[in-house]
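Close look at the chain arrangement
Letter by letter, the chains look like this.
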Amino acid sequence: MTVTGERSADNDAVADHLLQEVRGKSLWLTLNRPEKRNSLTVDLVGRLADAVEAADRGGVVRSIVISGSGSVFCAGGDLVSLSEVAEAGSRAVTDIIYAQFQRLVRALEASSLPVIAAVNGAALGAGLDLAMACDLRVVSDRAVFASSWIGVGLVPGMGGAHLLTRAVGSTRAAELVLLGRRIEAGVALDWGLVNSVVPDGELATTVRKITEALAASSQPAIASSKASLRRAGAADFAHELAILGAVQGGLLTGEEFRAATARFRIQS
């Protein structure tokens, strides 16, 4: 059942850009902008953070699943949306990053509920960062991954460089972040970037079985174990996010990002 929607800025008509559905004891959050490859706007990220925080407070569900509609998980940030924010200056950009994009990362980290990224297709740029901020990543065999920020003159503003280094080591993280290398699901599994790869038609069923196993486990133990895992990898992460907010503010108002956005407008 869909319980939340977003009003389109283009035509002021209601568009359900974030779908919420309770399946058993799990909350499924689906990015629903397939015509834009599920790219993230400021509003969509804010709604996603709100939903994660509300689920954690609600005491009804035992896990959260994040996925994308159509054939893409998330192609990154919506460049047009971000360029409109950038017109207000670097301080405004920094405030937006802290207020919404990084709030989402912090909400995922702070939640007592395990969060599963059900990656049904491409996870690029901010989409890869979003998947990495989840606790588990179960992916379709047609999923692909790329830290594509470098191609538009930006840094992984949601902490992706830190999270990738934690997951796959500094050498492979450098290849992803600095070169923007695109890898397929099998390579991602070999590298330790994802937990499992399943046939595309079996993704939802596989994730549902995981959520059922989580629901059958001790919830205090799950919450405490997640907190322990987060503490193990959290050294300096909060400091890193603070730095990224300021750095991205400068890059989003720079000439290289403006040029990349102009190219994107022409292509779309």
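A short tour of the structure in this document, coming up. (Residues numbered from 1 in each chain as written. Predicted model: local features only at pLDDT ≥ 70, side-chain atom pairs only at ≥ 80, totals over all residues. Heavy atoms only, no water.)

Quick word on the side chain of R33
Under the convention used in this document: Numbering of helices and strands runs from the N terminus, with a helix taken as a DSSP run of H or I at least four residues long and a strand as a DSSP run of E at least two residues long. Relative accessibility under 20% of the residue-type maximum defines a buried residue, over 50% an exposed one, and the middle range a partly exposed one, all with a 1.4 Å probe and only protein chains included. Contacts: residue pairs with any heavy atoms within 4.5 Å of one another.
Counting through the fold element by element, R33 comes out in the loop between β4 (26-31) and α1 (42-58). Overall, R33 belongs to the buried group, its relative accessible area being 7%. Apart from the residues within four sequence positions on either side, R33 is in contact with H17, N38, S39, T41, L44, S69 and D78.

Digging into the layout of surface pockets
Here is the rule we go by: Here a cavity denotes grid points, spaced 1 Å and computed from the protein atoms alone, that fit a 1.4 Å probe unable to get out, and a pocket denotes an open set having protein on both sides within 12 Å along at least 5 of 7 lines; residues with an atom within 4 Å of a point are the lining. Grid points are joined across faces, edges and corners, and a volume is the space filled by probe spheres set on the points. In this classification, Asp, Glu, Lys and Arg are treated as charged, Ala, Val, Leu, Ile, Met, Phe, Trp, Tyr, Cys and Pro as nonpolar, and every other residue, Gly included, as polar.
Estimates place the volume of the second largest pocket at around 470 Å³. Elements that contribute at least two residues to the lining of the second largest pocket include exactly β9 (136-140), α5 (160-168) and α9 (219-233). Per-element tally for the lining of the second largest pocket: the top contributor is α9, with five residues. Class assignment of the residues belonging to the lining of the second largest pocket gives a composition of 11 nonpolar, three polar and five charged.

As for helix α3 (residues 90-110)
Put simply, the test is: The bend at a residue is defined as the angle formed between two axes, one fitted to the seven residues ending at that residue and one fitted to the seven starting there.
Most pronounced at R103, the bend in α3 amounts to some 45°. Residues V93, T94, I97, F101, Q102, L104, V105, A107 and L108 constitute the buried set of α3.

None of this, on its own, says anything about what the molecule does.
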